Amino acid sequence: MSIKVKRRVHVAAAAIISADQQQVLIARRPSNVDHGGLWEFPGGKLAPYETGLEGLKRELHEELGVEIVCAQPLIRVHHEYPDKHILLDVWQVHEFAGEPFGREGQAVRWVPMSELSNYPFQRLICRFCAR
Ligand SMILES: Nc1nc2c([nH]c(=O)n2[C@@H]2O[C@H](COP(=O)(O)OP(=O)(O)OP(=O)(O)O)[C@@H](O)[C@H]2O)c(=O)[nH]1
Ligand SMILES: [Mg+2]
């Protein structure tokens with residue numbers, strides 16, 4: 001009998017809120033990655049040497065070309081996927097510099113909070129949106 005130990009993955013993601021507080025920025029995962037085609041809050045895996053905020057800053061620069069000016073922790077969610085355990089720290093980003101765009105070719109969209117449920121999300125975010 002073999003025992004399979006799941007990978008533990010620590011991820012930082014951002015709920016980036018528009019200046020008028022009405023919209024949130026979401027991105028669609030490229031089709032060739034895990035959960036491809038689903039929408040998500042931008043972010044990614046932390047490197048072992050990074051704090052959550054350091055990792056989030058790096059990811060938002062890499063994925064969207066923006067620099068975080070002001071962010072605060074919003075919620076921490078654990079989720080079991082069949083092959084891995086995800087610990088997702090979601091930050092709320094109130095202020096950022098630059099104009100976000102999909103630096104990795106991914107679709108990026110500002111969406112009114114009330115319309116988030118129209119977008120097929122990765123599992124964790126469904127939980128986050130309480131649907
Ligand atoms: N960014 C992000 N990742 C999420 C969300 N929900 C969720 O389950 N994840 C999972 O968390 C992990 C984050 O990985 P990622 O693919 O964004 O990582 P990354 O940007 O570092 O990419 P890379 O591994 O290609 O360098 C994936 O397993 C992804 O499925 C979410 O809302 N945002
Ligand atoms: Mg990512």
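Preceding block: the structure.
Conventions we followed
- Residues numbered from 1 in each chain as written.
- Chains lettered and ligands numbered in written order.
- Predicted model: local features only at pLDDT ≥ 70, side-chain atom pairs only at ≥ 80, totals over all residues.
- Helix = DSSP H or I, 4+ residues; strand = E, 2+ residues; numbered from the N terminus.
- Rg over C-alpha atoms; globule rule 2.2 N^0.38 Å.
- Buried ≥ 20, exposed ≤ 12 C-beta atoms within 10 Å, placed from the backbone.
- Contact = placed C-beta atoms within 7 Å.
- Near = placed C-beta within 6 Å.
- Nonpolar A, V, L, I, M, F, W, Y, C, P; charged D, E, K, R; others polar.
- Pairing = 2+ DSSP bridges.

Each helix and strand counted, the chain has two helices and seven strands in total. Taken from the N to the C terminus, the helices and strands of the chain come in the order β-β-β-β-α-β-β-β-α. In terms of overall dimensions, the chain is globule-like: its C-alpha atoms have a radius of gyration of 15 Å, near the 14 Å expected for 131 residues. Here the C-alpha coordinates of the chain stretch approximately 55 × 35 × 25 Å along the principal axes. A total of 131 residues make up the chain; the buried ones form 27% of that total. A separation threshold of at least 6 residues defines the contact pool for the chain, and within that pool the share at least 24 residues apart is 67%.

The immediate surroundings of ligand 1 are formed by 19 residues, with Ala13, Glu40, Gly43, Gly44 and Gln122 found nearest. Among the residues making up the shell around ligand 1, the classes are represented as ten nonpolar, four polar and five charged.

Moving on, we get to the pairing of strand β2 (residues 23-28). Two elements, strand β1 (residues 7-17) and β2, share two bridges in a ladder whose sense is antiparallel. Directly across from Ile16, in β2, lies its bridge partner Leu25. Taking the residues between adjacent antiparallel strands as the criterion, β1 and β2 are bridged by five residues, where Gln21 takes a positive phi near 70°. In this structure, β2 lies alongside strand β7 (residues 108-112), joined through five bridges in antiparallel fashion. When the bridges of β7 are listed, Leu25 appears paired with Trp110. Pairing between β2 and strand β3 (residues 39-40): two bridges, direction antiparallel. Residue Ala27 lies in a different strand from β3, and its bridge partner there is Glu40.

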